[in-house]
Each structure stands twice: as C-alpha cells, then as structure tokens.
Amino acid sequence: MPDVAVVGFAQTPCVRRTTGTTNGVEMLVPIFHEVLTGLGLTKGDIGFWCSGSSDYLAGRAFSFVSAVDAIGAFPPITESHVEMDAAWALYEAWVKILTGEVDTALVYGFGKSSAGQLRRVMALQLDPYLVAPLWPDSIGLAGIQARLGLESGQWSERDMAEVAARSRADAMSNPHAQFAGEVDVEELLARPYLADPLRSHDCAPITDGAAVVVLAADDRARELCDRPAWITGIEHRVDSPNLGGRDLTTSPSTVAAGKAAGADGVQVAELHAPFTHQEILLRQALGLGDEVRVNPSGGVLCGNPMFAAGLGRIGEAAKRVLTGEADRVLGHATSGPLLQQNLVCVMEGRD
Amino acid sequence: MAKRLAAVVGTGQTHHTSKRLDVSMAGLCREAIDRAMADAGVDWPDIDAVVVGKAPDLFEGVMMPELFLADALGANGKPLLRVHTAGSVGGTTANVAASLVQAGVHRRVLAVAFEKQSESNAMWALSIPTPFSMPVHAGAGGYFAPHVRSYIRRSGAPEHIGAMVAVKDRRNGARNPHAHLRQPDITLESVQASTMLWDPIRYDETCPSSDGACAVIISDEALGGSAAWIHATALRTEPTTFAGRDQVNPRAGREAAAALWRQAGITDPLSEVDVAEIYVPFSWFEPMWLENLGFAAPGEGWKLTESGETRIGGALPVNPSGGVLCSNPIGASGLLRFAEAAMQVMGRAGEHQVADVRTALGHAYGGGSQFFSMWVVGTTP
C-alpha cells in the first residue's frame, strides 16, 4: 500500500459574512489557485477530487453541483462528494489513493453559515420523528452537555473560560482567524450567559469560509514538497444519535478513533471543538497530556466554517509538519450533534 | 500496485412504491439491509463499515439523516460515510464501498442507499431558485426533454423507439416482485396514447416517484455462496453548463465508460457484456446511453432497441429488472442498478434472470447528465 501525505493546504479568511453565493465558488477559486500554484500543479495534475458540504446549510438542493464550477471541470474529472465535513472527503480521497488508482487528490470543503439561522438549521440533524419537532437548537444542546460535565466535576466554568482565552491569544498569530486577542479570564466569567452555562466566548462563532488540502502518494509527495506530513493513521467512528442513550460527558467514537489511529506521542493537536467544554472533553478522550500543544491556530472557537472546519484542523496540524515546527501531529474533525461522529488523522514528518 | 479483490456477496432491496407509509426511514433502510445480510449470510459483527448514499436532504427534510439513522444502520462504533453525488449517488456509494475493500482498509462493507420521497416534495426541492443559475422550474422531465429531442434530430431515430423502451422495461418490471410499476399488459399503442408531458416524453415513458432502499454487502472473499467480483469501477464529472457542451452524449460519460472497459479488459462491450442495468429515467435514455457507453456508434443506439436486442434474450438485455422506469427512489436508483447487475452475475435475479450471465454492467448518472458512476461485475475474480 502506498504512503499518503498532506502536501498542501490553503484556507479562506474566517469571516462573519461573505457576499458570495452559498455554493462556495467565490471562496474556492482563490484557494484552489493558491494551493495549486504553491505546489506548481495545474488542475489537470489532480487524479481525484473530493468535497464536503451541506445542502441544508446552503438552503438549496445540489449546492455541491455548482461548486464544481470552481474547478472548471472540463476535460471531465474523477470526482466525489460527501454530505459531511470535508475531513471525511479527505478520508475518501486517502482510500482512493490507497487503491493505487491515483497518486494525487485535492479535497475541499465550504460553508456559508451566514445564509441562514445556524442554530435552527443544525436542529434539523436530529431525529425528525421525535426530537427535531421540538427544535432543540445546537447551542441549547451544547449547554446540556456542558452542564453535565460541570455537575460531574469534569470541568468548571473557569476551565472553559481559560480555553477561550488561550484560543484567542493563539489566534493572534493566525491571519485567517475571525476572533483574536488578549482576553482576561475574570472578565470573561463576568459576562452574561448566552445559554446557561455557556457564555458567548464558549461557543464557536458563525463563520463563512472554505479550506482545501492536497494529498499525494510516495515519491509524488516527495517531489511536491520538502517535508510531507505523512498520514500514519486515519480513523473515524460514529456514536448513537440517541442523546438520552449515551454518556454525553465522553465521546466513545473519539476514544476508539484515537486508539485506532495511534494518537500517542503527538506534539500538536488541532481539535474540532465548537464549544470550550468540548475541547476539554476531547483532550480527555484522546488522552492528550499537558505536553501536547492544542489548537495553536486558535481552533474553531476563533473561526468555524461549517463543513470545512474539520478539514481545516487536519490542514492546520499538517502545516506544523510541512513547516518543520513539529514532527508528529494530530488533526481531529467532528460531525453531528454533541460530538456524535469523530475522525482522527495522525501525521508525521520524516527527515 | 494491485488492488485487493472485492466482490458483492449479498444484495437486498425494499418493495418500492410511491408512499411507504408503513415504515419510517429507518424501517425502510432496514428492510433492504436485513435482506442483503440474509442473502450474504452475514451478521452485524461481520460488518466493518457502513457507506450511506442518498440524493438531496431536502427530499426528506432531514439534514444528514445518516446521523439519526446510525442506530438503525448498525453503524454505532463503526466508520460511517455519507455520499451525495446527485442521481448518480447510488452508484458512487457502491464504488466508494468497493474502494474501502480494494484499498485493504476493510474486509466487509455494507453499502445502503435510500430515498423516501413521500416525506417531502421532490419537485419543490429541485426548484429552489438560486442566484446566477437559469431557473428551469420544470422538474427533471422538462430539463431532459430538449436533450431527447436533440438526440432524435441528430440520430434520425423513429419516434416509436421511446415507446418500445417503455414497453420492454415495464414488462420486465412485471417479472420483478420489488418493482413499483408492474404492467405486463402495456403495449406500444397504449404508451403512444398516454399523455404528452414534456414533448417528446409521454407519461408512460417517465419514471415514477418512489420510496425505496437498496443494500449490498461487499467482501474481500466469497462467503460460501456465489459472488459478483468487481472487475472495474469508474467515476467522472463535468460542469452542468458551458458553451459547446454536448448534453446528448456527454464527454464525462464517454470517458468514464472508456476507463471502465479498459480496467475490465473489455475491448468490445457489446459482445463481452452479457447484461446491462443502465440508468434510464426517461425511455429515450436507453439508446442515448447505449451510444455514450460505447455499445453502439453515435446515432446507432436506437437500432439495438428497435431490433429487440435489448430485450431479455437479445444480444444485450438492458434493464431486465424493469430499471428506473419501473422504480425510482432517486438516491437508491443507482445502487439498484449496481445490485441488479450483481444479482444477474450471481444467478439470483429470479423471474428476470438472464441466461448464462458472466459479465454485467451497473450504470448511474446524475445532475444535468454530468455525474457518472459505473461498475463491471463478473462470475470470476
């Protein structure tokens, strides 16, 4: 089986609102250009294209069909799409390369959350017969999860505020971040609740954005970049959707994916945690100790483009290897209500 | 580098009809899955991963329904992928599931595709106006009718070819216990007398709107019974519209077919393929896709239909199951084609079994004739 590596990554700025269409074309064209020219490639060099997006976020059927226009897909291309975060499109592309059919793949994700009311849109992921008719919105649900952890002593509101403060401070070195800056934990704790026990700093912002990653195999990867981020393990799992039927203070799918992917020994981890308490929960699930640098980009608390943010975590983690800052890193993506589905991608540099 | 072997070892499908009010989405999927697992002789612990396919979420009004279906799909604690490539999605779902086995990532994968169109209104879901796109507001039939008219003009095909396809497929469907429309008494005259919906497409030449699901088990080895070995898979995409695009004989379809035959080692598809399940939602797409797939030269596809060669017993039986013209749960329609191809190879197609099938084609397309997925399955690895 070939070895597969991340060789390129680009992303749009994370912003509250863009003026483009919900099919992502205006966000994708510049980052395709950036990542391909950076690698000295043209679209004809890409063996397989795979994307992740959501029609419900776009408010229309077939939003990914128009996104293909961003590629200029003629002559025709070999292409597929997942109705998931594009981290799972990266997984499909990784599998495609393992079959030996292609040696390069371009993966992209996009989301224009500003087009609708995100909290209500996400409620439509719930059981349509028994739960969704009650419209439990995504922040309200996260509040229930945060409350369970507070009451079990797994985290405190101060712990949560510290995650927010650290993330925003780290985002000061990330030019794509939507929020960044020095904030005082005491000051954060003095702010009002958005959905008790969550304050606004505990919740990822509403973001428009897109991300793209290029994968390559073996010698092709070595040709394209000095220090590829070799994928040593990539695994994903899903948990029951029954929110009353699983322990919301842990994430069995993350634990299993982390074990299978070999999360031990990573120096940097980019975790897809749209709520501060979820970062704490994910650290525990992945067994990441204090020595692991978590979310040096600022994470999705500082910019959360839906359906691109999980791919963005893999890209941000890979970037630390590509630039030589780290040798072994982890990118994590989540999907579904309250961390229902999780993917872990472990990458390393080889000098 | 050699791919690992992969084969279909079991298939299952629901009874398809316009409104399956007796089951939920979960129940619909399980009807197909339970039959596929029984057909393969496997149980839940044997399944390593689940791949789900369906067309737009607006068809059921649930965002990413595979999430709430995870329990029913037996996916808890396992990898779950959700594919969406428009009408071709059922075929792409099978190809993605096959690639998981061919790559050596998993040994046994469950692929399931469904559509429960009665939960919502597909016509509405397809007609939301979007910026910078020409609104059609005509549904799929209105969109494709000009392509059909163009095909008739280019090929000089006589007007009765479309009706011939409808008669053949509906009569084939009468042999298929799962088919939504079963019309053993349909005639050329009755089709030609049916209402004109989108000239030149008549009511009886149009696919129904169905609730239904299909499932297949893909394995790296035969499990006791017969197996349909996957010889080749292909996916191709091109944009919906651009100046000079050939929408009658799209290049993406031609290139997908060429890649497919090359991978399968097939040089003369018409003589080497024993049966084809082709995505024909409107009757005229049979001759159009026969040409696009390379079974006939451009302009010649209708002659295969007219001479009866696409009937059961002909040189290339096309859609012995009745095809999309008899059952169209959109997201599942592609996987049904792929599963029916496997059933023919495994000799499990019952009343619509074609004799002595060694090699079969499964085909699906989607969007504005721009997404193509295909596979070739055979009796030997």
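Residues numbered from 1 in each chain as written. Chains lettered and ligands numbered in written order. Predicted model: local features only at pLDDT ≥ 70, side-chain atom pairs only at ≥ 80, totals over all residues. Heavy atoms only, no water.

J.: A description of the overall build of chain B should follow, citing residues and the corresponding values.
T.: Scanning chain B for helices and strands turns up 11 helices and 11 strands. The C-alpha radius of gyration computed for chain B amounts to 19 Å, which stays within 12% of the reference 21 Å derived for 381 residues, consistent with globular compactness. Overall size of chain B, expressed as C-alpha extent along the three principal axes, is 55 × 45 × 45 Å. Out of the 381 residues belonging to chain B, those deemed buried represent 64%. A separation threshold of at least 6 residues defines the contact pool for chain B, and within that pool the share at least 24 residues apart is 77%. Put simply, chain B shows about 12100 Å² of open surface, and 52% of that area lies on carbon and sulfur atoms. A gap of 3 Å separates the mean positions of the 31 positive and 38 negative side-chain charges of chain B. (Helix = DSSP H or I, 4+ residues; strand = E, 2+ residues; numbered from the N terminus. Rg over C-alpha atoms; globule rule 2.2 N^0.38 Å. Buried < 20%, exposed > 50% of the residue type's maximum accessible area, 1.4 Å probe, protein only. Contact = heavy atoms within 4.5 Å. Areas by Shrake-Rupley, 256 points an atom, 1.4 Å probe, with all protein chains shown as cover. Lys, Arg positive; Asp, Glu negative; His and termini not counted. Charge placed at Lys NZ, Arg CZ, Asp CG, Glu CD.)

J.: An account of the side chain of B:Arg337 is needed here, citing residue identities and associated values.
T.: Examined against the element boundaries, B:Arg337 turns out to sit in helix H11 (residues 330-346). Separated by 3.1 Å, the side chain of B:Arg337 and the backbone oxygen of B:Ser333 make a polar contact. (Polar contact = N/O pair within 3.5 Å; in protein donor to acceptor, adjacent residues only side chain to side chain.)

J.: Now, about the layout of surface pockets: what can you tell me, with residues and values included?
T.: Residue and element names in this part refer to chain A. Empty space within the second largest pocket amounts to approximately 700 Å³. Mapped onto the lining of the second largest pocket, the elements with two or more residues apiece are helix H5 (118-123), helix H6 (138-151) and strand E11 (328-335). For the lining of the second largest pocket, a count of residues per class yields 23 nonpolar, 11 polar and five charged. Among the domains, domain 1 (4-118 + 206-226) and domain 2 (134-202 + 230-348) are the pair contributing at least three residues each to the lining of the second largest pocket. (1 Å grid on protein atoms, 1.4 Å probe; cavity = no way out; pocket = protein on both sides within 12 Å on 5 of 7 lines; lining within 4 Å. Points joined across faces, edges and corners; volume = space filled by probe spheres on them. Nonpolar A, V, L, I, M, F, W, Y, C, P; charged D, E, K, R; others polar. Domains from an automatic or database assignment.)

J.: Pulling in residues and values, what's your account of the packing of aromatic side chains?
T.: Tallying each qualifying case throughout the model produces 21 aromatic pairs over all chains. Relative to B:Phe371, the ring of A:Phe64 has its centre 5.8 Å away and its plane inclined at 45°; by these criteria the two rings are tilted. Remark: B:Phe371 occurs in strand E11 (residues 371-378) and A:Phe64 occurs in helix H3 (residues 63-67); the pair is interchain, linking two chains. This pair shows no difference in class: A:Phe64 is buried, exactly as B:Phe371 is. Residue placement shows A:Arg168 over the ring face of A:Phe179; its charged tip is 4.8 Å from the ring centre. The residue whose ring lies beneath B:Arg251 is A:Phe74, and the NZ or CZ to ring-centre distance is 5.0 Å. (Phe/Tyr/Trp six-rings, centres within 6.5 Å; stacked < 30°, edge-to-face > 60°. Lys NZ or Arg CZ within 6 Å of the ring centre and 35° of its normal.)

J.: Go over the interface of chain A and chain B with me, naming the residues and quoting the values.
T.: Listed as interface residues are 57 residues of chain A and, on the opposing side, 58 residues of chain B. Taken together, the two surfaces of chain A and chain B that pack against each other cover about 4900 Å², and 67% of this comes from carbon and sulfur. When the buried area of chain A at its contact with chain B is split by residue, A:Tyr56, A:Glu83 and A:Tyr129 rank highest and sum to 13% of it. Remark: the boundary between chain A and chain B carries one salt bridge. Note that A:Glu101 and B:Lys3 form a salt bridge whose closest N and O atoms lie 2.8 Å from each other. Put simply, chain A and chain B have 17 residue pairs in polar contact (both at pLDDT 80 or more) between them. Breaking the side of chain A that touches chain B down by element, the ones donating at least two residues are helix H2 (55-58), H3, strand E3 (79-82), helix H4 (86-98), H5 and strand E8 (229-238) of chain A. Broken down by element, the residue count for the side of chain A that touches chain B peaks at six residues, all from H4(A). Taken together, the residues of the side of chain A that touches chain B break down into 31 nonpolar, 16 polar and 10 charged. (Buried area = accessible area lost by both parts, 1.4 Å probe. Salt bridge = Lys/Arg side-chain N within 4 Å of Asp/Glu carboxyl O.)

J.: Give me the lowdown on the pairing of strand E7 (residues 208-217) of chain A, citing residues and values where you can.
T.: All names here are of chain A. In terms of residue burial, E7 counts as a mostly covered element, since 10 of its 10 residues are buried. With burial as the criterion, each face of E7 is covered, one bearing Asp208, Ala210, Val212, Val214 and Ala216 and the other bearing Gly209, Ala211, Val213, Leu215 and Ala217. As paired elements, strand E1 (residues 4-11) and E7 share seven bridges and run antiparallel to each other. By the bridge assignment for E7, valine 6 is matched with leucine 215. With nine bridges connecting them, strand E4 (residues 104-112) and E7 associate as antiparallel partners. Along E7, the bridge assignment pairs glycine 111 with glycine 209. (Pairing = 2+ DSSP bridges.)

J.: Go over the state of the cysteines with me, naming the residues and quoting the values.
T.: Applying the stated rule across the entire model yields zero disulfides over all chains. A:Cys203 takes part in no disulfide bond, and the closest cysteine sulfur to it belongs to A:Cys302, at a distance of 13 Å. Take B:Cys29: it sits in no disulfide, and the sulfur closest to it among the cysteines is that of B:Cys214, at 11 Å. Exposure remark for B:Cys29: the relative accessible area of 1% places this residue in the buried category. (Disulfide = S-S within 2.5 Å.)

J.: Break down the confidence of the model for chain B for me, with residues and values.
T.: Model confidence for chain B is summarised by a mean pLDDT of 95, while 96% of its residues fall at 70 or above. Interface confidence for the predicted complex, given as ipTM, is 0.97, next to a pTM of 0.98. (pLDDT = per-residue confidence, 0-100.)

J.: How would you explain empty space enclosed by the protein if you had to name every residue and give the values?
T.: All names here are of chain A. As enumerated under the stated definition, the model contains six cavities of 30 Å³ or more in all. Of the volumes computed, that of the largest cavity is approximately 130 Å³. Around the largest cavity sit 18 residues that line it, and Gln11, Cys14, Gly303, Pro305 and Arg313 are the ones nearest its centre. Those elements that place two or more of their residues in the lining of the largest cavity are E7 and helix H12 (309-322). When residues in the lining of the largest cavity are grouped by element, the largest group, four residues, is from H12.

J.: Could you give an account of the packing of H4(A) against H12(A), with specific residues and numbers?
T.: All names here are of chain A. The N-to-C vectors of H4 and H12 enclose an angle of 65°; their axes lie 6 Å apart at closest approach. Counting all contacts with H4, which are made through Ala86, Ala87 and Leu90, the residues of H12 involved are Gly310, Leu311 and Ile314. Grouping the amino acids of the contact of H4 with H12 by side-chain chemistry returns five nonpolar, one polar and no charged. (Axes fitted to C-alpha atoms, helices over the stretch in contact; angles between N-to-C directions.)

J.: I'd like to hear about the environment of A:Pro136, residue by residue, with values.
T.: All names here are of chain A. Along the polypeptide, proline 136 turns up in the loop between H5 and H6. When the C-alpha positions of proline 136 and glycine 100 are compared, they lie 45 Å apart, and in sequence the two are 36 residues distant. Each residue touching proline 136, except ones within four places of it in the same chain, is listed here: Ala123, Leu126, Val131 and Leu141.

J.: Please set out the packing of helix H7 (residues 157-170) of chain A against helix H11 (residues 276-286) of chain A residue by residue, giving values where relevant.
T.: Residues and elements named next belong to chain A. Packing of H7 against H11 leaves a shortest axis separation of 8 Å and a crossing angle of 95°. The angle between H7 and H11 places the two elements in the roughly perpendicular class. On H11, the residues that touch Asp159, Met160, Val163, Ala164, Arg166 and Ser167 of H7 are Thr276, His277, Glu279, Ile280 and Arg283. (Parallel < 35°, antiparallel > 145°, perpendicular 65-115°, else oblique.)

J.: Report on the domain arrangement of chain A, specifying residues and quantitative values.
T.: Residue and element names in this part refer to chain A. Each assigned domain of chain A is listed here: domain 1 (4-118 + 206-226) and domain 2 (134-202 + 230-348). Every contact between the two is made by 43 residues of domain 1 and, on the other side, 32 residues of domain 2. Buried surface at the junction of domain 1 and domain 2, both sides included, amounts to about 2900 Å², of which 70% is carbon and sulfur. Inspection of the region where domain 1 meets domain 2 yields zero salt bridges.

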